[in-house]
Amino acid sequence: MKKILIANRGEIAARIVRTCQEMGIESIVVYSDADKDLPYVQQATRAYHIGESPVVKSYLNQDKIVEIAQKENVDAIHPGYGFLSENGAFVKQIEELGIAFIGPSWQVVEAMGDKVEARRTMEKAGVPVVPGTTDPINDGDEAIAIARQIGYPVMLKASAGGGGIGMVKCDNEETLKKQFVSTQQRAKMYFGNDRMFIEKYISPARHIEVQIFGDQNGNIIHLFERDCSIQRRHQKVIEESPSPYLTEQLREEMGRAAVKAAQSVSYTNAGTVEFIVDENGNFYFLEMNTRLQVEHPVTEMTTGLDLVRWQIQTAEGKPLALLQSEVQQQGHSIEFRLYAEDPAKFLPSPGKIKDLRFPDGEGIRIDAGYEKGNTVSPFYDPMIAKIIVSDSNRSGCLKRASDFFDSFHLEGIKTNAPLFKKILEDTDFQKGNYTTGFLTEKPQLIEQKN
Amino acid sequence: MKQVTASMAGTVWNIAVSQGDEVAAGQSVVVLESMKMEIPIEAETAGTVEEIKVAVGDFVNEGDVLVVLA
């Protein structure tokens, strides 16, 4: 490949540009009105203005993206995460135009994007799934009947949902009845699909995912796990690898299950199999993300691999560079997602970054979408940067992270950096003793203001 | 006359009231979407909706007037 169009923005566009540069590949990026001053626009070989700031007029504008790809005669499109990355129709369209998609086939994207279909596929393949519905649910009465069989609390989810949107926990029949209509409406608005399903709500639970990779010759391996249990509003805040919870045996079992899941759909390129793990060490398939994950750097730091390079090589038809037995998990890595938001209320805080200083230090990697003087707009997700801290062991990571946040400085908008400082001081977190309920169960971590 | 203003920049996602409606203090009148989150904007005081200044899909800045109460 000689030229790649990156259909994304911010930190992930910058991340992909970096590997393109290292591989001698030209990178073409697109940007909206709001993003014209962001670093990735300058870093790419060439940048095209794509439209107004709202996503439907910019990063979701398939026609415009295809037009630029054709004009530039690119070999491939890298979708990053979010936006068009899991849009099967888009993947199909560009493949038919002879442009490679850096990701799996459109059939796999479509099959795994439909969460009910994905559950069914995994059940058939012998991968344990969260107890719940096999068929999509269309009305509230049906939902209630099924929830009675499963037992409360349950999670009501949109089949086309993801990223924490279109899902709600229901403790009883009354809540389920009330939530069904509004969640279904929201699913239709966000995803254009109102199919719903119900899963048993597992608690306490850990959210642990396995990175997998497949080449076009049918070889599939895993690159170990990431523990993503520290979340707010079902969205990840901190991720680490290895998971402080998993035993060697469970780690191996989950790796094997993830590979089996990927094999059942003849998976190619990078993907992630998400599992929920209960307090007894039982793990269940949650969903499969058919793209590069936000938190892929912790896998890179502990395996020494460049996943974007692997993605490009796989899309070129090259075989995987390593066998399963050759992949080593070494040291420890933790990622902190720096969000433009109030650390207490988790409410968005868009605005201008007047000053920004990331302290240097050994084992510190910064994947940033913004720099001093940029404005974080309200149009996209609130992530400013990912701070990835690595060391030979977990306690070393925690020390480095504490030092980092002690001298981290950002002025102009609110961020969740103060929350990270408190989490790092928490003894349960220090011991690796946490579940997805961590932030809601520890109100003392949330700053009390007013 | 009392005004309900946007607490942050965002896009108008939903308008929960109509002209002439009685609203109570603390009632959500408009939902904004900012950074992929839905932010309910509440009336600080009770009143009758006199005018709705925005439409669904409009972009508003922090401090912009959304609804005027009488």
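That block above? That's the structure.
Being a predicted model, the structure only gives us computed values, none of them experimental.

## Some points on the overall build of chain B
For step 1, the next point in the chain: Helix and strand counts for chain B stand at 0 helices and 8 strands.
For step 2, the next point in the chain: The C-alpha radius of gyration of chain B comes to 11 Å, within 12% of the 11 Å expected for a compact globule of 70 residues.
For step 3, the next point in the chain: With respect to the principal axes defined by its C-alpha atoms, chain B has extents near 30 × 20 × 20 Å.
For step 4, the next point in the chain: For chain B, with 70 residues in total, the buried portion stands at 39%.
For step 5, the next point in the chain: Considering only intrachain contacts with a sequence separation of at least 6, the fraction spanning at least 24 residues in chain B is 56%.
For step 6, the next point in the chain: About 3,400 Å² of surface is accessible on chain B, with carbon and sulfur atoms providing 44% of the total.

## Considering the environment of Y370(A)
All names here are of chain A.
For step 1, the next point in the chain: Along the chain, Y370 turns up in the loop between β17 (364-368) and β18 (375-376).
For step 2, the next point in the chain: A relative accessible area of 4% places Y370 in the buried class.
For step 3, the next point in the chain: When the C-alpha atoms of Y370 and E173 are compared, they prove to be 45 Å apart, with 197 residues separating the residues in sequence.
For step 4, the next point in the chain: Residue contacts for Y370: discarding those within four places in its chain leaves R9, L38, P39, I353, L356, T375, V376, M383 and I384.
For step 5, the next point in the chain: Of note is the side chain of Y370, whose polar atom sits 2.9 Å from the side chain of R9.

## A word on the sheet that holds strand β19 (residues 383-391) of chain A
Residues and elements named next belong to chain A.
For step 1, the next point in the chain: Spatially, the 8 strands line up as an open sheet ordered β13-β12-β9-β10-β11-β14-β19-β17, and their pairing is antiparallel. Each edge of the open sheet carries a strand with a single partner, namely β13 (283-289) and β17. Across the sheet, the mean angle from the axis of one strand to that of its neighbour is 25°, orientation sign disregarded.
For step 2, the next point in the chain: Bridge count for strand β9 (residues 205-214) against strand β12 (residues 269-278) is 10 bridges, and the pairing is antiparallel.

## A closer look at the pattern of salt bridges
Close approach of charged atoms allows side chains of opposite charge to pair.
All names here are of chain A.
For step 1, the next point in the chain: One pass over the full model with this rule turns up 45 salt bridges over all chains.
For step 2, the next point in the chain: Between E72 and R46 there is a salt bridge, with the nearest N and O atoms lying 2.7 Å from each other. In this pair, E72 sits in helix α3 (residues 62-72) while R46 sits in strand β3 (residues 46-51), placing the two residues 26 residues apart along the sequence.
For step 3, the next point in the chain: Under the relative-accessibility criterion, E72 is labelled buried at 7%.
For step 4, the next point in the chain: Residue classification places R46 among the partly exposed residues on the basis of a relative accessible area of 33%.
For step 5, the next point in the chain: Taken together, the shared-partner salt bridges connect E209, R226, K236, E239, E274, E295, E335 and R337 into one network.

Parameters at a glance
Residues numbered from 1 in each chain as written. Chains lettered and ligands numbered in written order. Predicted model: local features only at pLDDT ≥ 70, side-chain atom pairs only at ≥ 80, totals over all residues. Heavy atoms only, no water. Helix = DSSP H or I, 4+ residues; strand = E, 2+ residues; numbered from the N terminus. Rg over C-alpha atoms; globule rule 2.2 N^0.38 Å. Buried < 20%, exposed > 50% of the residue type's maximum accessible area, 1.4 Å probe, protein only. Contact = heavy atoms within 4.5 Å. Areas by Shrake-Rupley, 256 points an atom, 1.4 Å probe, with all protein chains shown as cover. Polar contact = N/O pair within 3.5 Å; in protein donor to acceptor, adjacent residues only side chain to side chain. Pairing = 2+ DSSP bridges. Axes fitted to C-alpha atoms, helices over the stretch in contact; angles between N-to-C directions. Salt bridge = Lys/Arg side-chain N within 4 Å of Asp/Glu carboxyl O.

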